[in-house]
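Examining the three-dimensional arrangement
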Amino acid sequence: MRMSVSQVLSQPAVQCTLRLLLLLSVILVQSMEPQVLPQALTCLSSLLPLKCPDDIVLAALDFLASLGEIFLPPEIQSQVLPKLASLFSALLTDGSWLLQHHTLEAFAHFVEATNHEEVIPQCLPSEEIKTKVVNFLSKVTF
């Protein structure tokens, strides 16, 4: 049975389960089946633009950061990398200052760990965001 995004956002128990699944996925990312990753990113792509609760966004950021630690098989790179770039791009441009900071931390972790450097520029939608990320990575105060 599939749930719609509105059903997920209206059910606190489902939100809690999603948050826990995302956090568990961070721990198990190395052993996840590759075909699960596009599905997970599609789910996040549907949820995050709808202003889901901050605890889900934070868990999603941890999950996105953990994806830098794995090598994506060539057969799923075309599905995963554009979604990953789109999610980081959206999260880097949206949200409160606290979510922005956590997004910068997650993106920094991803950048430091990833073997897929080609996706990094796609995550930076503007010069302003690029400067913010470079300053963060350089430990420059905003």
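Everything discussed here concerns the structure shown above.
Notes on the structure in this doc start here. These numbers were taken from a predicted model, which means no experiment stands behind them. (Residues numbered from 1 in each chain as written. Predicted model: local features only at pLDDT ≥ 70, side-chain atom pairs only at ≥ 80, totals over all residues. Heavy atoms only, no water.)

1. Focus on the environment of L87
To keep things clear, this is the line we draw: Segments assigned H or I by DSSP are reported as helices when at least four residues long, segments assigned E as strands when at least two residues long, and all are numbered from the N terminus. When accessible area is computed with a 1.4 Å probe and restricted to protein chains, residues below 20% of their type maximum are described as buried, those above 50% as exposed, and intermediate ones as partly exposed. The contact criterion used throughout is that any non-hydrogen atoms of two residues lie within 4.5 Å.
Within the element layout of this structure, L87 appears in helix 5 (residues 74–93). Residue classification places L87 among the buried residues on the basis of a relative accessible area of 5%. Counting along the chain gives 25 residues from L87 to D62, while the straight-line C-alpha distance between them is 13 Å. Beyond its immediate stretch of four places on either side in the chain, L87 contacts L41, L44, S45, L48 and L64.

2. Comments concerning the side chain of S25
Within the secondary structure, S25 sits in helix 2 (residues 12–28). For S25, a relative accessible area of 18% corresponds to the buried category. Non-local contacts of S25, meaning those with residues more than four positions away in its chain, are made with M32 and F63.

3. Concerning the pattern of salt bridges
Test applied: Just to be clear on terms, a salt bridge is a Lys or Arg side-chain nitrogen sitting within 4 Å of an Asp or Glu carboxyl oxygen.
Enumeration over the complete set of coordinates arrives at two salt bridges. For D55, the salt bridge goes to R19, with nearest N and O atoms at 3.3 Å. Taken together, the residues span a long stretch of sequence, with D55 in helix 4 (residues 54–66) and R19 in helix 2 at a distance of 36 residues. A salt bridge links E127 to K130, with the shortest nitrogen-to-oxygen separation between them at 3.4 Å. Separated by three residues within a single helix, E127 and K130 lie in helix 7 (residues 127–137), roughly one turn from each other. When its relative accessible area of 34% is taken as the criterion, K130 is described as partly exposed.

4. Some thoughts on the packing of aromatic side chains
What describes a pair of aromatic rings is the distance from one ring centre to the other and the angle between the planes of the rings. As a reminder, the rule being used: Planes of paired rings set the category: under 30 degrees apart is stacked, over 60 is edge-to-face and the rest tilted, where pairs are Phe, Tyr or Trp rings (Trp by its six-membered ring) whose centres lie within 6.5 Å.
Using the criterion set out here, one finds two aromatic pairs in the structure. Measuring from ring centre to ring centre gives 5.1 Å for F88 and F107, while their planes differ by 70 degrees; the resulting arrangement is edge-to-face. Of this pair, F88 sits in helix 5 while F107 sits in helix 6 (residues 97–113), and the two are 19 residues apart along the sequence. Among the residues examined, F88 registers a relative accessible area of 0% and is labelled buried. The interplanar angle of 45 degrees and the centroid separation of 5.5 Å between the aromatic rings of F88 and F110 together place this pair among those described as tilted. Of this pair, F88 sits in helix 5 while F110 is found in helix 6, placing the two residues 22 residues apart along the sequence.

5. Details of the nonpolar core
Condition: Residues enter a nonpolar core if they are buried and are Ala, Val, Leu, Ile, Met, Phe, Trp, Tyr or Cys, with the set joined through side-chain atoms within 4.5 Å.
Core analysis: the largest hydrophobic core is formed by 43 residues, its most contacted members being L41, L44, L64 and L67. Among the elements of the structure, helix 2, helix 3 (36–47), helix 4, helix 5, helix 6 and helix 7 are those that each provide at least two residues to this core. The dominant element in this core, judged by the number of residues it contributes, is helix 5, at nine residues. Not counting residues within four places of it along the chain, the set of residues in contact with L44 comprises L22, P49, A60, F63, L64 and L87.

Everything listed here is a matter of geometry and, on its own, says nothing about what the molecule does.
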